[in-house]
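Observations on chain architecture
Each chain is listed here by its residues.
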Amino acid sequence: MKKISNKSLEKFFKIGINSLKSNDTEFLSKFNCNNGCYDCISKKSGEDIFSLNEDRLKGEKILLEGVEATINKKFWSIAKYLSQVSSEFILVTNGRVFSYDHWTNKIASIEPNRIIVKMFGCNENEHDEHTQISGSYNQTIQGIRNLRSKGLTVRIVFYVEKILDKKYSSLTEIQEYINLSYSLTNTLPIQFNSIGNNRCEIETIVTKKTQEGEQEIVHPGKYRYDMLTYLGDEVPHAWRNSHFPMIHILTGPACNIKCIYCNVHGGDKQTQFVYEFDYVKKMIDDAIKRGLHLQKGLPILDLIGGEPTLHPNLGQLILYAKRSGFKYVAICTNGIKLAKKSYLNELLETGLDAIRFSFHSHLEEEAATLAHAPSTGKKYLSTANLLLEQKRIVTYFYRILLSTTVESFPQYVEWLIDNNNTGRKIYLNVGMPSPRGRMFINSHLYPNLEICREVVTQVVNKYSSQELEITLHHSPGCLIPNRPELSATNNLEARQYEIGLDKPVILNFEGDTQYTENCKKCISYHKCPGVPHYYLSQDQNAVEKWVRPQS
Ligand code: SF4
Ligand code: SF4
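Residues numbered from 1 in each chain as written. Chains lettered and ligands numbered in written order. Predicted model: local features only at pLDDT ≥ 70, side-chain atom pairs only at ≥ 80, totals over all residues. Heavy atoms only, no water.

Here we take up the site of ligand 1. As a structural note, the neighbourhood of ligand 1 is formed by Cys255, Ile257, Lys258, Cys259, Cys262, Val264, Gly266, Gly306 and Asn334. Of the residues belonging to the shell around ligand 1, the class tally is five nonpolar, three polar and one charged. (Near = heavy atom within 4 Å. Nonpolar A, V, L, I, M, F, W, Y, C, P; charged D, E, K, R; others polar.)

Following this line, the structure appears as structure tokens:
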């Protein structure tokens, strides 16, 4: 391994070291950049406050910033070194070089823990006007997509005055930035606590008052939950028996499988934890305090994960939600643990009302392949059969259409109907893969759009509403033309609540999607998220022909 001298580090980069063990330290020197921002946020010079030695780097959490570090010829050897010696290596970049596959492959081989991409706007005009480089926005966006296609963790930081100066009075004012960040990285943008001085935080650290009046430090993503609301005045056919508004409360991201299309990277090492019982209770209390359990419709509290059955207190949480005032409580599960009848019965005894069951194939081998968990195929089938016997509880089946499974969709529906002993119709939500999470890595799983439309239309036309009630989610609103009422994207709105903030943020995003020219003629334009970018990147004309603008 090539040793990097302190001198070379000092010469080219500003290194911010953010460690719990030591004070933040950085040193400054000369930089280069491939953007030409009219108001550069990086300091060009500064006092050398730190004399760095390699021992000091070992085991540290390192934040590497340039102005644009990646364009320096020493970058690769230094990045490799930092990745090897640090406890955590985070690269800050404008992301443009990663629009080229070659550079993306190279950084993927170095495996930084996280890449933070600097952006200066949430659209081409705003961004490029700031960088003074035409096309820089598109390169940065492509860079993020490429990095995610290698499975790298990416976060966005917006250097936009209204965000940095906290001039906004509510999160809704920076809605567009939130949406862009969510669509590309699955998460909120991060914020450095201070820019241009000697101290940077890796993430915004927010202090909040707890209910007991104590100060508590929380990280982004905590103390948030969301609610899906039906947008229409009257609930049409397909939604009549669904429970809306639906309040999703996260029990923790841990999961016991690793679905190949998962939009939250379930099962990855860094997400294997559950939230404490009291923390989840706080979300339920907040929802009650806001009166969400009394909203118009059939409000339901839905405990989600990762995989909520991994929470050791799931039963108690269901009981708590019911006693607090939620009339209907559901869980959203992959069903693996429910294959054990005694566990299912335990949950049923708490008064659980509904189960949203991710049951993506009725074929053992195929189900296990999708879950990326070899021994699970039998369990899916056992759970499906157990739930198809339950008369008291409602099960909503979820089926994803992937390139490898789309054609067997009609047989799957037949299997459900043949095995249905619930005495009521089958509730089925069918969707295309959400363009987030592992779909950045496994883009070959996107199903053919024409085949999707064909098989879903065939199923909708074949079964009566007594046998099957079908809704579409995670799909363009015109997947079945002329039936826009079946589409969740056209009819539901997601609001995110955060303890301590009065107003919710509207989160209508489906991940990395785009509109076509024809979409602009559609009455659902802006309500529907459009078509996954993947399809447009493959054949824009074909997608243009496929969309069916609604009038
Ligand atoms: S069960 Fe859900 S959270 Fe777990 S890997 Fe599959 S899709 Fe992701
Ligand atoms: S035409 Fe475009 S905007 Fe309209 S429903 Fe289809 S994908 Fe959505």
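Every residue lining ligand 2 is accounted for by Pro476, Gly477, Cys478, Cys519, Cys522, Cys528, Val547, Arg548, Pro549 and Gln550. In terms of residue class, the shell around ligand 2 is built from seven nonpolar, two polar and one charged.

The next point concerns the nonpolar core. Counting residues in each nonpolar core, the largest one holds 90 residues, and the members touching the most others are Phe409, Leu428 and Val456. Beyond its immediate stretch of four places on either side in the chain, Phe409 contacts Arg399, Leu401, Leu428, Val430, Val455, Val456, Val459 and Ile470. In terms of nonpolar packing, the next biggest core, distinct from the first, is built from 54 residues, Leu82, Val85, Ile107 and Leu188 among them. (Core = buried A, V, L, I, M, F, W, Y, C linked by side-chain atoms within 4.5 Å. Buried < 20%, exposed > 50% of the residue type's maximum accessible area, 1.4 Å probe, protein only. Contact = heavy atoms within 4.5 Å.)

Let us now look at unusual backbone geometry. In the segment running from Gly305 into Gly306, the intervening peptide bond is cis, with an omega of 20 degrees. Among the secondary structure elements, Gly306 is positioned in the loop between β11 (300-304) and α10 (314-324). (Helix = DSSP H or I, 4+ residues; strand = E, 2+ residues; numbered from the N terminus.)

Turning our attention to the side chain of His248. Mapped onto the elements, His248 comes out in strand β10 (residues 246-250). In this structure the side chain of His248 is engaged in a polar contact, spanning 3.3 Å, whose partner is the side chain of Arg356. (Polar contact = N/O pair within 3.5 Å; in protein donor to acceptor, adjacent residues only side chain to side chain.)

Turning next to the environment of Lys80. Mapped onto the elements of the fold, Lys80 is located in helix α3 (residues 75-85). For Lys80, a relative accessible area of 48% puts it in the partly exposed group. For Lys80 and Glu111, which are 31 residues apart along the polypeptide, the C-alpha to C-alpha distance reads 8.5 Å.

By the secondary structure assignment, Val157 is in strand β6 (residues 154-158). According to the relative accessible area criterion, Val157 is buried, its value standing at 1%. When the C-alpha positions of Val157 and Ile116 are compared, they lie 6.6 Å apart, and in sequence the two are 41 residues distant.

Quick look at the packing of helix α12 (residues 364-371) against helix α13 (residues 377-387) now. As a packed pair, α12 and α13 sit with axes 7 Å apart at the nearest point and diverge in direction by 110 degrees. Comparing the axis directions of α12 and α13 gives the class roughly perpendicular. Crossing of α12 against α13: the hand is right-handed. Contacts between α12 and α13 involve Glu364, Ala367, Ala368 and Ala371 from the first element and Gly377, Lys378, Tyr380 and Leu381 from the second. (Axes fitted to C-alpha atoms, helices over the stretch in contact; angles between N-to-C directions. Parallel < 35°, antiparallel > 145°, perpendicular 65-115°, else oblique. Left-handed = near helix turned anticlockwise from the far one by under 90°.)

Because an α-helix completes one turn every 3.6 residues, residues spaced three or four positions apart along the sequence face the same direction. For α10, the set of buried residues is Leu314, Leu317, Ile318 and Ala321. All buried residues of α10 project into a common sector of 100 degrees when viewed along the axis, lining one side. Lining the buried residues of α10 we find α9 (277-289), β11, β12 (328-333) and α11 (341-349). In the segment just after α10, Gly325 is the residue with positive phi, at about 135 degrees. (Arc of directions from axis to C-beta.)

The share of residues in the protein chain with pLDDT of 70 or more is 80%, and the mean pLDDT across the chain is 82. For the protein chain, strand β1 (residues 14-17) is the element with the lowest average pLDDT, namely 36, and helix α14 (residues 409-418) is the one with the highest, namely 98. Low pLDDT, under 50, characterises residues 193-210; the stretch is placed with 61 contacts to residues that sit more than four places away or in other chains. When the criterion is pLDDT under 50, residues 214-220 qualifies, and its contacts beyond four places in sequence or with other chains add up to 24 contacts. (pLDDT = per-residue confidence, 0-100.)

Pairing within the open sheet is mixed, and its 10 strands lie in the order β16-β15-β14-β13-β12-β11-β10-β9-β17-β18. Only two strands of the sheet have a single partner each, and these edge strands are β16 (468-473) and β18 (505-506). Two strands pair when backbone bridges link them, and strand β14 (residues 394-400) and strand β15 (residues 426-431) are joined in this way by five bridges, in the parallel orientation. Residue pairing for β15: Phe397 is matched across the bridge by Leu428. Its contacts with the sheet place α10 against β11 and β12, and it is angled at close to 150 degrees to β12. Across the sheet, α13 is in contact with β13 (354-358) and β14; its angle to β13 comes to roughly 150 degrees. (Pairing = 2+ DSSP bridges.)

Our focus in this paragraph is the pattern of salt bridges. Should the charged atoms of two oppositely charged side chains come close, the side chains can pair. The tally for this structure, following the rule as stated, stands at 14 salt bridges. With its nearest N and O atoms 2.7 Å apart, the salt bridge here joins Glu485 to Arg483. In this structure Arg483 comes out as partly exposed when scored by relative accessible area, which is 27%. One salt-bridge network, held together by shared partners, links Lys258, Asp268 and Arg438. (Salt bridge = Lys/Arg side-chain N within 4 Å of Asp/Glu carboxyl O.)

The next thing to look at is the packing of aromatic side chains. If you walk through the whole model with that rule in mind, you get 17 aromatic pairs. Ring centres 5.8 Å apart and planes at 75 degrees place the aromatic pair Phe273 and Tyr275 in the edge-to-face group. In this structure Phe273 comes out as partly exposed when scored by relative accessible area, which is 38%. With 4.6 Å between their ring centres and 10 degrees between their planes, Tyr446 and Tyr534 make a pair best called stacked. Separated by 88 residues along the polypeptide, Tyr446 in the loop between β15 and α15 (449-462) and Tyr534 in helix α17 (residues 533-538) bring together distant segments of the chain. Here Tyr446 falls in the buried class, since its relative accessible area comes to 9%. Accessibility expressed as a relative area gives 22% for Tyr534, which makes it partly exposed. Seen from the ring of Trp546, Arg453 lies directly overhead, with NZ or CZ sitting 3.9 Å from the centre. (Phe/Tyr/Trp six-rings, centres within 6.5 Å; stacked < 30°, edge-to-face > 60°. Lys NZ or Arg CZ within 6 Å of the ring centre and 35° of its normal.)

Regarding α11, the residues found buried are Tyr343, Leu344, Leu347 and Leu348. Along α11, the residues classed as buried sweep out an arc of 140 degrees about the axis, all on the same side. Facing away from the buried side of α11 by over 90 degrees, the exposed positions are Lys341, Glu346 and Glu349. Summarising the contacts, the buried residues of α11 are in contact with α10, β12, β13 and α13. The first or second residue beyond α11 is Gly351, which carries a positive phi of 100 degrees.

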